[in-house]
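Now for the letters of each chain:
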Amino acid sequence: MATKHEQILQHIDRLPIGSKISVRQIAKDLDVSEGTAYRAIKEAETQGYVSTIERVGTVRIEKKQKENIERLTFAEVVNIVDGHVLGGREGLHKTLNKFVIGAMQLEAMMRYIDAGSLLIVGNRYQAHKIALQQGAAVLITGGFDTSDEMKQLADRLALPIISSSYDSFTVASMINRAIYDRLIKKEIVMVEDVLKPLAETPVLLTSDSVAKWHQYTELYQDTRFPVVDEQMRLIGIVTSKDIIGHEETATIDKVMTKNPITTSPRVSVASSAHMMVWEGIELLPVVDNYRKLVGVLSRNDVLKALQFTAKQPQMSETFPNLIMSHFREERQADELTYIGEVTPQMTNHLGTIASGIMTTVMVEAACNLLRHHRRGDMVPENVTVYFLKPVQMESQIQVKPRLLDIGRRYGKAEVSVYHGDQIVGQAMIAAQIIER
């Protein structure tokens, strides 16, 4: 039987897109306490099918799929630009396809606006009207209002009119930054994207016998199975090591490994892979916040996911990518050197290279060297850094990694950083190798 919390989540999931949700109403409709209702609504928000908008309330929104994660709902735009809604609240759950800055003649502007767009413009009422008529939402900059006629039109068409005190350039930059961040997230494969779902996962109950485990091994050609109770909560895991020496009549709860290591759906595959290698496990149960089994992650699933991400085109860059883009790689025989200049963005308040930047450069150089010797993903486990001399802005530095040791799962490298003929930093890096 589902708990009250689960019943509330199911109720919210069945609500029509765009519905307003309140703690008091949920508590009244489902006869639960307001505290229970509040916790369930927050869980729904975490799962991405509810959004809380300042001065509007909590709204049931469409859960964005992985391939559309770079898109924003109008509700999220309100939060990003610290705006408030003037009209068209019923359309806040809708997703914008693109945004257009209205800094041109009206006729020229309208050529770029279509359904699902967001027009960013000042107090130009005619532009507001035409945009709404063409199926686009409107974001008014500079803190300006609009006419009652426009608000009524927005309500009728369920297209939001949002007002923000920021100027058009700032608003566009803020929205672009939000989309850019989502593109980075899109590249990160999560456990929920690759796990074997519960419907396809063979499970054993605590009351099952060892004989059933033997049946499962023949049927599914596997030796590792999660163990659950009647409510599908994870109790343990059973493998061939647990079965050795036990009679076929023994029950699974007497032989299983209790309290197994688990992961959650919203953890990255890379992080889970690191855990599996570190702990030496082949099967990782995936559970929700209430320890109910969602599915399982095998080492094969992880390897396939890492191979898939390696083939994807780079869509946007993280800070390490941006930092290393300022360095060029030079190779002579077995020696690898990275040469680059300390840009103003790399410095601290004293005008010298920031310690975090220096550490990142040394770690990236070491991991790149290890990749030349062993194919796979490098996960730094231990970094010892020495900052020997400060390096001024616009100075050229040479980063020289040297291989110390490498095996199938681990590698060690020493990195020296030079300015001219002076050594200015040194590091020892040990990394775990996750084979693809």
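In what follows, the accompanying structure is described. (Residues numbered from 1 in each chain as written. Predicted model: local features only at pLDDT ≥ 70, side-chain atom pairs only at ≥ 80, totals over all residues. Heavy atoms only, no water.)

Because side chains alternate across strand 9 (residues 137-140), one face comprises the buried residues A137 and L139, and the other comprises V138 and I140, equally buried. Relative to strand 9, strand 8 (residues 117-121) runs parallel, the two sharing four bridges. Along strand 9, the bridge assignment pairs L119 with V138. What joins strand 8 to strand 9 is helix 6 (residues 125-133), and the crossover it makes is right-handed. (Buried < 20%, exposed > 50% of the residue type's maximum accessible area, 1.4 Å probe, protein only. Helix = DSSP H or I, 4+ residues; strand = E, 2+ residues; numbered from the N terminus. Pairing = 2+ DSSP bridges. Right-handed = clockwise from strand over helix to strand, strands pointing away.)

To characterise two packed helices, one gives the angle between the axes of the helices and the distance between these axes. At a closest axis distance of 10 Å, the pairing of helix 6 and helix 7 (residues 148-157) adopts a crossing angle of 10°. Between helix 6 and helix 7, the angle is such that the two are roughly parallel. On the side of helix 6, the interface is formed by Y125, H128, K129, L132 and Q133, while helix 7 contributes E149, M150, L153, A154 and L157. Grouping the amino acids of the contact of helix 6 with helix 7 by side-chain chemistry returns six nonpolar, two polar and two charged. (Axes fitted to C-alpha atoms, helices over the stretch in contact; angles between N-to-C directions. Parallel < 35°, antiparallel > 145°, perpendicular 65-115°, else oblique. Contact = heavy atoms within 4.5 Å. Nonpolar A, V, L, I, M, F, W, Y, C, P; charged D, E, K, R; others polar.)

It is worth spelling out the sheet that holds strand 23 (residues 422-434) at this point. Within a sheet, adjacent strands bond to each other through the backbone by hydrogen bonds, running parallel or antiparallel. In spatial order, the strands read 18-19-21-22-23-20; together these six strands make up an open sheet with antiparallel pairing. This sheet does not close on itself; its edge strands, each paired only once, are strand 18 (327-332) and strand 20 (377-387). Neighbour-to-neighbour, the strand axes of this sheet turn through a mean angle of 25°, independent of strand direction. Examined bridge by bridge, strand 21 (residues 396-406) and strand 22 (residues 410-419) share eight bridges and lie antiparallel to one another. Directly across from Q398, in strand 22, lies its bridge partner Y418. Here helix 13 (residues 269-279) sits on the sheet in contact with strand 20, strand 22 and strand 23, set at roughly 75° to strand 23.

A word on helix 10 (residues 210-220). Among all positions of helix 10, only V210, A211, W213, Y216 and T217 are buried. Once helix 10 finishes, Q221 follows within two positions and takes phi at roughly 55°, a positive value.

A few words now on helix 6. When helix 6 is considered as a whole, its buried residues turn out to be A127, H128, I130, A131 and L132. Buried residues along helix 6 sit against helix 5 (106-110), strand 8, strand 9, helix 7 and strand 10 (161-163). Taken from the residues just after helix 6, G135 is the one with a positive phi, measuring 90°.

Quick look at the sheet that holds strand 16 (residues 283-287) now. Strand order in this open sheet of three strands is 11-17-16, and the pairing throughout is antiparallel. Looking at the sheet topology across the chains shown, the edges are occupied by strand 11 (196-197) and strand 16. Both strand 11 and strand 17 (residues 293-298) contribute to a ladder of two bridges, which runs antiparallel. Bridging from a neighbouring strand, K196 pairs with V296 of strand 17. Sheet contacts for helix 13: strand 16 and strand 17; angle to strand 16, the most-contacted strand, approximately 135°.

Among the nonpolar cores identified, the biggest contains 31 residues, and F327, I397 and V399 are the most heavily contacted of them. The dominant element in this core, judged by the number of residues it contributes, is helix 16 (residues 355-373), at 10 residues. If we ignore the near neighbours within four places in the chain, the residues touching V399 are F327, L336, T337, Y338, V361, A365, V415, S416 and V417. Membership of the second largest hydrophobic core comes to 20 residues, among which are A127, I130, A131 and V138. (Core = buried A, V, L, I, M, F, W, Y, C linked by side-chain atoms within 4.5 Å.)

A full pass over the atoms with the stated rule returns 14 salt bridges. The shortest N-O distance in the salt bridge between K212 and D208 comes to 3.8 Å. Under the relative-accessibility criterion, K212 is labelled partly exposed at 28%. (Salt bridge = Lys/Arg side-chain N within 4 Å of Asp/Glu carboxyl O.)

In the Ramachandran plot, A158 falls in the positive-phi region, its phi being about 55° despite a non-glycine side chain. With respect to the secondary-structure elements, A158 resides in the loop between helix 7 and strand 10. Residue A158 is classed as buried on the basis of its relative accessible area of 16%. With phi around 65°, M232 is a residue other than glycine that occupies positive phi space. Tracing the backbone shows M232 in the loop between strand 13 (225-228) and strand 14 (234-238).

Tracing the backbone through its elements, the reader meets S272 in helix 13. Given the relative accessible area of 0%, S272 is considered buried. For S272, the residues in contact, after removing those within four places along its chain, are V191, T263, V267, L284 and L297.

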